[in-house]
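# Coordinate inspection notes
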Amino acid sequence: MEKENILIEQIKQKFGDKVELKIQRNKRVIAKTNKDTIEQLLLYEKEKLGYIHLAHISCVDWIEDNKFELVYITWSPKDKINILNKIYINRDNPVAPNIDYIWRQANTYEREIREMFGIEFDGLVGEREFILEDWKDIPPMRKDFDTLSYVKRTYFTRPGREDAQDVRETIANRTGEEIPEFAKKYTR
Amino acid sequence: MRKKATTIYLGPQHPGITGNMMVRLEVEGDTVVKATTHVGYLHRGFEKLMERRNWLQSFTIVCRICVPEPDPNEENYARAVEEIEGREVPERAKYIRVLVLELSRIQAYLLWYGGQAASTGLYTMGQWSIGDRNYILDLFEDLTGGRVYHMYIWPGGVRRDLPKGFKDKAFRVMDYLEKRLDDYDRLMFDNAIFQKRTQGIGVIDPEKAIEWGVVGPPLRACGIRSDVRIDEPYEVYDKLKFEVPAFKGGDVWTRALIRRFEIRQSINIVRQVLEQMPSGEYYNKIPNPHKWALPPGEAFVKTESARGEFAYYVVSDGSTHPRRVHVKGPAYVHAITLLENLLVGQNIADVSVIMNSLGTCPPEIER
């Protein structure tokens, strides 16, 4: 844990109380901060501490607290430590800083989070549609998106299949057609 | 005079990848001037589904996230759950997990051999390697009951012990494959066409590789020795002897050489695991899955898959269901930002060569 302690000291010296630090376990450090400091923190980690690899950006919906948690995970090829940099943003007006000028691949993560959670990133350039197509509902990864009611609203049973009966029978009943003898044996 | 650019839609089905993904290419003559990746053909909403299922039910979904290589998903998910809960895993289960992961790596590389060779026109190679891959799938069938999706590595250990006669069979398959690799070399690596089509193509700048998020064989082909198995050893990798190659070059040819070297290492790892495997329990039983709640917490775990670092970010809120399971596969970066940049200036014919060399796998982008 020596490297982790040195890392925590370095970040503390630079940011003081603005960043809350904790060693989660061997090779994992959690750094909680706010959205005004996150850009400086990530830049500092990348430029000064050697955390040049952005491993992941994740988002968790804490609907009970009315917050979104954004997690920026960085990694250093020298220390081999992952830092989980976290910020919490308000769920009512979810806006976060854009960091794709620090790591260009952040653009993809941000586009996905924008689409799936409805979080806006200041100045993010890129097509709005990433995975979903013609999505009109609330962002689907939010906790208040009800998958079951969406399915009931969107999809329907094909007419004639409500009770899983044979389609040929339904058609025959509707049109008065004769079902050929050879096909009758398959009907229930 | 500037030529007029033409737009070509490559995909969603094409030979460069396993899965469905479209790349919109703007070309002048034969040269790509702009490439844009479009995904959305495979989205199955697994991450959302997992939030509605309990911890054990979610385990049956994770392997389906990546078709060519499902096992790193299972292992990652199981290890994340164990880390949050603090559950111990028996030593024998750890060895069996490494065995499965390495067999999975070998079969993924054999699949890659087929794809990479076919993208340069060497179709015989694919017939051979995918035929030989079936021997690995036979081993999986004996061990897990499934050939492609195994649902075998679960929280607490593995689902079954090794069946009778498995060790002997596995040794025989490894001996056979090792001999076959020499045939592959003659057919693929000694082939002048393959060399010409891959050398100097799709070069990644080694200075920028880590910053751009490159992982796995493409990163090691830039001369950077980075592998989760040595950087942060999981399961029993710290007890095994193997080499992680790093060659300079950064092109498709070097990436192929890395995989050629690694498949031999994986065969050695499988042998070591089979020899060193201790006897004992293979499963630390979990409680009733319907009432099995994990303590609040989070885990970020990583595995080295055949295509690079595979990571899971799992959050528990103390309930019987996951709060969040976020999957990050190597293709998330390789197939979008990296690919879009690498393709600029390349010939149209080299697009699928480059895609294959990066291990593009759209199912893990969309989950």
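## Examining the overall build of chain B
The number of helices and strands found in chain B is 13 helices and 8 strands. On C-alpha atoms alone, chain B measures out to a radius of gyration of 21 Å, which is about the 21 Å that the 2.2 N^0.38 rule sets for 367 residues. Each principal axis of the C-alpha distribution contributes one length, and for chain B these read about 70 × 45 × 35 Å. Within chain B, the proportion of its 367 residues that are buried is 50%. Residue pairs at least 24 apart in sequence account for 72% of intrachain contacts in chain B once pairs closer than 6 positions are excluded.

## Describing the interface of chain B and chain A
Each side of the interface is counted separately: chain B has 25 residues, and chain A has 26 residues. Going through the elements one at a time, β7 (308-316), β8 (322-328) and α11 (331-342) of chain B are the ones with two or more residues in the side of chain B that touches chain A. Across the side of chain B that touches chain A, the residue classes tally to 10 nonpolar, 6 polar and 9 charged.

## What about the sheet that holds strand β3 (residues 53-62) of chain A?
Residue and element names in this part refer to chain A. Pairing within the open sheet is mixed, and its 5 strands lie in the order β1-β2-β5-β4-β3. The open sheet is flanked by β1 (20-25) and β3, the only strands paired with a single partner. Looking at each pair of strands side by side, their axes are set apart by 20 degrees on average, direction ignored. Examined bridge by bridge, strand β2 (residues 28-32) and strand β5 (residues 82-90) share 5 bridges and lie parallel to one another. Bridge assignment links V29 to a residue of β5, and that residue is I83.

## Description of the nonpolar core
Residues and elements named next belong to chain B. Counting residues in each nonpolar core, the largest one holds 139 residues, and the members touching the most others are Y312, V314 and L339. The two domains that each donate at least three residues to this core are domain 1 (1-41 + 328-367) and domain 2 (90-294). Apart from residues lying up to four places away in sequence, Y312 is in contact with N76, Y77, A80, V301, V325 and V327.

## Section: the environment of B:K48
Residue and element names in this part refer to chain B. Of note, K48 is situated in helix α1 (residues 46-51). Of the residues examined, K48 has 16 C-beta atoms within 10 Å and is grouped as partly exposed. Placed 278 residues apart in sequence, K48 and H326 show a C-alpha to C-alpha distance of 9.6 Å.

## So, helix α3 (residues 71-85) of chain B
All names here are of chain B. An ideal rise of 1.5 Å per residue puts 21 Å on 15 residues; α3 measures up with 21 Å between its terminal C-alpha atoms. Among the 15 residues in α3, 13 count as buried, and that is most of the element. Directly after α3, the chain includes G86, whose backbone phi takes a positive value near 80 degrees.

## Some points on α11(B)
In this model α11(B) runs just 14 Å from its N-terminal to its C-terminal C-alpha over 12 residues, more than 12% under the 16 Å that 1.5 Å per residue would give. For α11(B), the buried fraction is high: 10 of the 12 residues fall into the buried class. Burial in α11(B) covers these residues: B:A331, B:Y332, B:V333, B:H334, B:A335, B:I336, B:T337, B:L338, B:L339 and B:L342. Elements that come into contact with the buried residues of α11(B) comprise α3 (106-117) of chain A together with β3 (31-38), α8 (217-220), β8, α12 (351-358) and α13 (363-366) of chain B.

## What to know about unusual backbone geometry
Positive phi outside glycine occurs at A:K80, with the angle close to 60 degrees. Looking at the element boundaries, A:K80 is found in the loop between β4 (67-75) and β5.

## Notes on the packing of helix α6 (residues 166-189) of chain B against helix α10 (residues 252-276) of chain B
All names here are of chain B. Where α6 meets α10, the closest approach of the two axes is 10 Å, and the angle between their N-to-C directions is 170 degrees. As summarised for this structure, α6 and α10 are arranged roughly antiparallel, according to the angle between their axes. Judged by residue contacts, K167, A170, F171, M174, L177, E178, L181 and F189 of α6 engage R260, I263, R264, I267, V270, R271 and L274 from α10. Here the contact of α6 with α10 is built from residues that sort into 10 nonpolar, no polar and 5 charged.

## Observations regarding the sheet that holds β7(B)
Residue and element names in this part refer to chain B. With respect to topology, 3 strands assemble into an open sheet ordered β6-β7-β8, the strand pairing being antiparallel. Here the strands that pair on one side only, and so sit at the sheet edges, are β6 (297-305) and β8. Mean inter-strand twist for the sheet, computed between neighbouring axes without regard to direction, equals 15 degrees. In the sheet, β7 pairs with β8 via 6 bridges, with the strands oriented antiparallel. Considered in β8, the bridge of V315 is made with R324. Sheet contacts for α3: β6 and β7; angle to β6, the most-contacted strand, approximately 150 degrees.

## Some words on the confidence of the model for chain B
Scored by pLDDT, chain B comes out at a mean of 89, with 98% of its residues at no less than 70. Across the whole predicted complex the pTM is 0.88, and at the interface the ipTM reaches 0.88.

## Quick word on the pairing of β3(B)
Residues and elements named next belong to chain B. Relative to β3, strand β2 (residues 22-28) is paired through 7 bridges, and the arrangement is antiparallel. Within the sheet, the bridge partner assigned to E28 lies in β3 and is T31. The hairpin formed by β2 and β3 contains 2 residues between the paired strands, and G29 there has a positive phi angle of roughly 65 degrees.

## Topic: the domain arrangement of chain B
The extent of an interface is frequently quoted as the accessible surface area lost upon association of the parts. Residues and elements named next belong to chain B. Domain boundaries assigned for chain B yield domain 1 (1-41 + 328-367) and domain 2 (90-294). Domain 1 and domain 2 are separated by 25 Å when their C-alpha centres are compared. With 16 residues of domain 1 at the contact, the number on the domain 2 side is 20 residues. Where the side of domain 1 that touches domain 2 is concerned, the elements lending two or more residues are α11 and α12. Ranked by residues supplied to the side of domain 1 that touches domain 2, first place goes to α12 with 6 residues.

## With respect to the environment of B:Y95
Residue and element names in this part refer to chain B. Here Y95 shows up in helix α4 (residues 91-119). Classification of Y95 by C-beta neighbours within 10 Å gives buried; the count is 24. In this structure the C-alpha to C-alpha distance between Y95 and I267, which are 172 residues apart in sequence, comes to 15 Å. Not counting chain neighbours up to four residues away, the residues in contact with Y95 comprise V236, V273, Q276, M277 and P278.

Cut-offs and rules
Residues numbered from 1 in each chain as written. Chains lettered and ligands numbered in written order. Predicted model: local features only at pLDDT ≥ 70, side-chain atom pairs only at ≥ 80, totals over all residues. Helix = DSSP H or I, 4+ residues; strand = E, 2+ residues; numbered from the N terminus. Rg over C-alpha atoms; globule rule 2.2 N^0.38 Å. Buried ≥ 20, exposed ≤ 12 C-beta atoms within 10 Å, placed from the backbone. Contact = placed C-beta atoms within 7 Å. Nonpolar A, V, L, I, M, F, W, Y, C, P; charged D, E, K, R; others polar. Pairing = 2+ DSSP bridges. Axes fitted to C-alpha atoms, helices over the stretch in contact; angles between N-to-C directions. Core = buried A, V, L, I, M, F, W, Y, C linked by C-beta atoms within 7 Å. Domains from an automatic or database assignment. Expected span 1.5 Å × (residues − 1). Parallel < 35°, antiparallel > 145°, perpendicular 65-115°, else oblique. pLDDT = per-residue confidence, 0-100.

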